[in-house]
Amino acid sequence: MNRNPAELAPEQQRYLSQFDSFSRRQSDRDPAWLTEKRQAAIRCFTRQGFPTTHDEAWRFTSLTPLTRTAFAHAGATDSRPSPVDLDSLPGANSSACRLVFLNGRFSPEHSSLGALPPGVRVQGAGQLLNGDTPSVRQALGLYAGNGEEVFAALNTAFLQDFALVHLPGNTVVEQPIHLHFHSGSEGDPVVSYPRCLVLAGANSQARVVESYSGAPDSLYFTNTVTELVAREGAVVEHYKLQQESLRAFHISTMQFQLGRSATVSSHSISLGGALVRNHVNAVLDGEGAEATLNGFSLTTGKQHVDNHTSIDHAKPHCNSFELYKGILDDRSSGVFNGRIIVRPHAQKTDSKQTNQNLLLSEEALVNTNPQLEIYADDVKCTHGATIGQLDSQAVFYLQSRGIDREAARQLLTFAFANDIASQIRIEPIRARLEKTLFHRLAEKGSKG
Amino acid sequence: MLKIEDLHVEVEGKPILKGVNLEVASGEVHAIMGPNGSGKSTLAQVLAGRESFEVTRGRVFYGDRDLLDMEPEERACEGVFMAFQYPVEIPGVSNVYFLKAAMNAIRKHRGEEELDAMEFMKVVREKIKLVNLDQSFISRSVNEGFSGGEKKRNEIFQMAVLDPILAILDETDSGLDIDALKTVADGVNALRRPDRAIVVITHYQRLLNYIVPDRVHVLSGGEIVKSGDKDLALELEARGYGWIEAQVAVTPAERHP
Ligand SMILES: Nc1ncnc2c1ncn2[C@@H]1O[C@H](COP(=O)(O)OP(=O)(O)OP(=O)(O)O)[C@@H](O)[C@H]1O
Ligand SMILES: [Mg+2]
């Protein structure tokens, strides 16, 4: 380690001492390769510490409320989140394939596999780390959590149970695969480290839903990492539905790795959380790959949602479509930072980025920043960002046809989310989004 | 049915309408003509309830009700319809959803039951034929990507579905070819009934060949400076507005005795 532990900030010390007791406990159960991964990750965390608003990438998102809260490591205490009605979550019907994790730990009694095609593995456990699974072992932490992203590194350091979705080549899984993470505690605030690994073999197809929830009003910290590898010709839809408690901290890293002609679409929906930061990174690492990154956030009160996305066109002839939309009310705030990298030989890249924000109150605030780094010359890259209020002309138009003002405003707010919602092809997820939107707007309407 | 008395309107502090007087009785069709920027759309929008246009003086009666006291949606529910000169594009809201919401709001206001989906679609299919729009327009977003002519026809289509009592058409004929113009005129004429009234704002006489007005008014500089029968439109077409403006300028005493 480069730094003398005594020099470290107290908030960092806390995580380090949690790591010490965690690794001591795990050391004789876990294989050496895993211990090494964790050690490397914690070194990365120690070296870097938590970012501050002086770091360019965190300029608009202050972590102070997070770092000054003393979260206990949920994995150490086996604390369970307050009971939740898991049946109300998408994918609750018994025939569905659903893995449930409580505070990051796999909960077999809440999980079911449904009928999966032969060869498909959907597992949620730490034991398999011990099994003979070289492809998993290799992939885990290869794409995220091994570098500069301090939160992803922290997640790897505390890696324990994780959700694995493994599709052999040419398999098609029709039904959505739900991975649900429910967190929080009735006692002291806890931190948990959900983790997903999706390996989609060549020409396989699947839809994966990650959802996050917590007991209402519970204070906790979810630090999650997902790595998704789509091999040649694979088609994967990934949905992330984040509806944490309104006091929760949620930091996520999603890493999508696309091979030749692979198609990945990501739909990241942020509805909950007090302070939310999503890192969504796609690497187009094979010719003809196509990534769609969609994002939607709806914030009220003092919620803060920060989406940092990155699309790396590493190979020629790849397409990327990015659409991030935010609806911000009250004193909530949002950040969008969209980085597009086109590598020198990545000719014929076609990339389109759009960020649109709808402010429903005078006090809501958005920072949007496209970050284009284009090193090839024969490419098509467009980007655009808007921040605005509801179109008063449109409100009047609707009113002039008999629709009352409040209904007109709701209709237009709904319409703003429409192009995101209409691309969600899993009905319960879309319904959830629309319902939340509807409720929040109705609440606002009744407040006047 | 509609009675406008000494209406003064300011837009962003600038006086636009400077004492408009106009009376339209049931069963009548009135045409309002006038040069660009004279305040025709301002008048139409004020009648429909546009809030950013400030009425500083005057009154407007719709039947025996004070129109200016009503919210825009209430006016619509009570039968006022204004076809916009520049219809607004609303991405993400389908025409059919929009119309259904509008129609049901109006029916609710009248104490009628909401139409079920089947009945509603029947009305919609029937009316859209009337304006010669393809059925596919029903499911497209309101006015989004419509051509100028399609937008105008969409206004008439909405009018046909909502079946108003007082219709105000703001340059619905502009930019239409002759076939489309006839379509629009047919739509308007279909609405013509003894218990209805129609105000047509236009620059061109040619529409008035198809919708024959009872009265023609010239709005200039925020006032109605001349009124007459349908022949006035022909005269305006032949001579332009200059002669009226000149006439008005030399006879101020006559105007304000
Ligand atoms: N939103 C606005 N803000 C400021 N001024 C406006 C606004 N709308 C209209 N005006 C001004 O009010 C005046 C009257 O405009 P209006 O649109 O009513 O004219 P019009 O007679 O309909 O013209 P046209 O024949 O070109 O449609 C014009 O000088 C116009 O510039
Ligand atoms: Mg006009």
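This text follows the structure it describes.
**Looking at the coordination of the magnesium ion (ligand 2)**
Here is step 1: The protein atoms donating to the magnesium ion (ligand 2) are S41 of chain B (OG) and Q85 of chain B (OE1), with metal-donor distances spanning 1.9 to 2.1 Å. Remark: Q85 of chain B occurs in the loop between strand 6 (80-83) and strand 7 (90-94) and S41 of chain B occurs in helix 1 (residues 40-48); sequence separation between them is 44 residues.

**Focus: the interface of chain A and chain B**
Here is step 1: In this complex, chain A contributes 17 residues to the contact, which on the side of chain B involves 32 residues.
Here is step 2: Where chain A abuts chain B, roughly 1,900 Å² becomes buried across the two surfaces, and 67% of that area is made up of carbon and sulfur atoms.
Here is step 3: Among the residues of chain A in contact with chain B, F396, Y397 and R401 of chain A are the three that bury the most area, contributing 42% of the side total.
Here is step 4: Counting the contacts that link chain A with chain B gives one salt bridge.

**A look at the nonpolar core**
Here is step 1: If you look at the biggest cluster of nonpolar residues, it comprises 101 residues, and the most contacted ones within it are F296 of chain A together with I4, L7, I90 and I168 of chain B.
Here is step 2: Here this core takes eight residues from helix 8 (residues 405-421) of chain A, the largest share from any one element.
Here is step 3: Once you skip the residues sitting within four places of it in the chain, I168 of chain B turns out to touch A44, L47, V80, F81, M82, A83, V199 and I201 of chain B.
Here is step 4: By size, the runner-up hydrophobic cluster in this structure holds 41 residues, among which are L179, V264, V342 and A376 of chain A.

**A look at empty space enclosed by the protein**
Any space left empty among the atoms is revealed by the rolling of a water-sized probe across them.
Residue and element names in this part refer to chain A.
Here is step 1: Across all of its chains, the model carries six cavities of 30 Å³ or more by this definition.
Here is step 2: Put simply, the largest cavity is a space of about 100 Å³.
Here is step 3: S297, N307, G326, V335 and N357 are, among the 15 residues lining the largest cavity, the residues nearest its centre.
Here is step 4: Secondary-structure elements contributing two or more residues to the lining of the largest cavity are strand 15 (290-299), strand 16 (304-313), strand 17 (319-328), strand 18 (333-342) and strand 19 (350-359).

**Observations regarding the pattern of salt bridges**
Here is step 1: Applying the stated criterion to the full structure yields 26 salt bridges over all chains.
Here is step 2: Two residues, K325 of chain A and D419 of chain A, come together in a salt bridge whose shortest N-O distance is 2.9 Å. With K325 of chain A in strand 17 and D419 of chain A in helix 8, this pair connects stretches of sequence that are 94 residues apart.
Here is step 3: Residue classification places K325 of chain A among the buried residues on the basis of a relative accessible area of 6%.
Here is step 4: For E112 of chain B, the salt bridge goes to R107 of chain B, with nearest N and O atoms at 3.6 Å.
Here is step 5: Look at E112 of chain B and you get partly exposed, because its relative accessible area is 34%.
Here is step 6: A single network of salt bridges, built from pairs that share partners, joins D163, R193, D195 and R196 of chain B.

**So, the sheet that holds strand 1 (residues 2-11) of chain B**
All names here are of chain B.
Here is step 1: One open sheet holds the four strands; their spatial order is 2-1-4-5, and the pairing between them is antiparallel. Sheet topology places strand 2 (14-24) and strand 5 (65-66) at the edges, where each strand pairs with a single neighbour.
Here is step 2: Examined bridge by bridge, strand 1 and strand 2 share eight bridges and lie antiparallel to one another. The residue bridging V11 from the neighbouring strand is K14, located in strand 2.

**Remarks on unusual backbone geometry**
Here is step 1: Backbone geometry places D217 of chain A, a non-glycine residue, at a positive phi of 70°.
Here is step 2: Counting through the fold element by element, D217 of chain A comes out in the loop between strand 9 (205-214) and strand 10 (220-230).
Here is step 3: With phi around 60°, N132 of chain B is a residue other than glycine that occupies positive phi space.
Here is step 4: Note on placement: N132 of chain B falls in the loop between helix 4 (117-130) and strand 8 (141-142).
Here is step 5: Taking the relative accessible area as the measure of exposure, N132 of chain B reaches 54% and is therefore exposed.

**Re the packing of aromatic side chains**
Here is step 1: Counted by the stated rule, this structure contains 20 aromatic pairs over all chains.
Here is step 2: Between the aromatic rings of F71 of chain A and F221 of chain A, the centroid separation amounts to 5.6 Å while the plane-to-plane angle is 50°, which identifies the pairing as tilted. Separated by 150 residues along the polypeptide, F71 of chain A in the loop between helix 3 (64-67) and strand 1 (72-73) and F221 of chain A in strand 10 bring together distant segments of the chain. Side by side, F71 of chain A and F221 of chain A carry an identical accessibility label, which is buried.
Here is step 3: Here the aromatic residues Y15, F45, F50, W58, F71, F151, F221 and F249 of chain A are joined through ring pairs into a cluster of three or more.
Here is step 4: Positioned above the aromatic ring of Y204 of chain B, the side-chain terminus of R206 of chain B is 5.7 Å from the ring centre.

Rules and cut-offs
- Residues numbered from 1 in each chain as written.
- Chains lettered and ligands numbered in written order.
- Predicted model: local features only at pLDDT ≥ 70, side-chain atom pairs only at ≥ 80, totals over all residues.
- Heavy atoms only, no water.
- Donors = N, O, S within 2.8 Å, 3.2 Å for Na, K, Ca; no water.
- Helix = DSSP H or I, 4+ residues; strand = E, 2+ residues; numbered from the N terminus.
- Contact = heavy atoms within 4.5 Å.
- Buried area = accessible area lost by both parts, 1.4 Å probe.
- Salt bridge = Lys/Arg side-chain N within 4 Å of Asp/Glu carboxyl O.
- Core = buried A, V, L, I, M, F, W, Y, C linked by side-chain atoms within 4.5 Å.
- Buried < 20%, exposed > 50% of the residue type's maximum accessible area, 1.4 Å probe, protein only.
- 1 Å grid on protein atoms, 1.4 Å probe; cavity = no way out; pocket = protein on both sides within 12 Å on 5 of 7 lines; lining within 4 Å.
- Points joined across faces, edges and corners; volume = space filled by probe spheres on them.
- Pairing = 2+ DSSP bridges.
- Phe/Tyr/Trp six-rings, centres within 6.5 Å; stacked < 30°, edge-to-face > 60°.
- Lys NZ or Arg CZ within 6 Å of the ring centre and 35° of its normal.

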